[in-house]
Amino acid sequence: METTQKKVPGPGCQDAVDIPCAADTLLRKLWGQWKTHVIYVLGDQRTCRFGVLRRQITGISPKVLTTRLRELEADGLVWREQENTIPPKVTYGLTETGLAVHAVMKNLEKIEV
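1. Notes on unusual backbone geometry
- Residue Pro87 follows Ile86 across a cis peptide bond; omega there is -10 degrees.
- Structurally, Pro87 can be placed in the loop between β4 (78-83) and β5 (89-94).
- Located in the positive-phi region is Trp34, a residue other than glycine, with phi close to 85 degrees.
- Secondary-structure assignment places Trp34 in the loop between α1 (22-30) and α2 (35-45).
- Phi is positive for Arg46, close to 75 degrees, though the residue is something other than glycine.

What follows is the structure in structure tokens.
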């Protein structure tokens, strides 16, 4: 994933120094329909199977849920554990970073708009 960077002039030089913006990087990982909802539900459930997760998120298709879970896993916010049974048992949960994002989301609930 590409990060947005601020251009800041370096001391005594005319060239700019690249400084990554962590907030922008995180927001880009969360950008996309259903991603924050998936994190919110997983944070409340702690661990969740795919079918349960799909029932908890009303209106999401299985294909979109699979895509969002894969994106969140690639971004390090969600972990996936698969047991090689028939049928396969797949469980999802939040990583430490995902849990931190969930905590921030819960705090945002307290703000009155």
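2. Looking at the nonpolar core
- Core analysis: the biggest nonpolar cluster contains 19 residues, and Leu42, Leu53, Ile57 and Leu69 have the highest contact counts within it.
- The set of elements that each furnish at least two residues to this core consists of α2, α4 (62-74), β5 and α5 (96-108).
- The biggest single contributor to this core is α2, with 4 residues.
- For Leu69, the contacting residues outside a window of four places in its chain are Val38, Leu42, Phe50, Leu53, Val78 and Tyr92.

3. Concerning the packing of α2 against α4
- The interhelical angle for the contact between α2 and α4, taken along N-to-C directions, is 80 degrees, at an axis separation of 10 Å. Considered as vectors, α2 and α4 are oriented roughly perpendicular to each other. On the side of α2, the interface is formed by Lys35, Val38, Ile39 and Leu42, while α4 contributes Leu65, Arg68, Leu69, Glu71 and Leu72.
- Looking at the contact of α2 with α4 residue by residue, the classes come out as 6 nonpolar, no polar and 3 charged.

Calculation notes
- Residues numbered from 1 in each chain as written.
- Predicted model: local features only at pLDDT ≥ 70, side-chain atom pairs only at ≥ 80, totals over all residues.
- Heavy atoms only, no water.
- Helix = DSSP H or I, 4+ residues; strand = E, 2+ residues; numbered from the N terminus.
- Core = buried A, V, L, I, M, F, W, Y, C linked by side-chain atoms within 4.5 Å.
- Buried < 20%, exposed > 50% of the residue type's maximum accessible area, 1.4 Å probe, protein only.
- Contact = heavy atoms within 4.5 Å.
- Axes fitted to C-alpha atoms, helices over the stretch in contact; angles between N-to-C directions.
- Parallel < 35°, antiparallel > 145°, perpendicular 65-115°, else oblique.
- Nonpolar A, V, L, I, M, F, W, Y, C, P; charged D, E, K, R; others polar.

These values are about where atoms sit, not about what they do.
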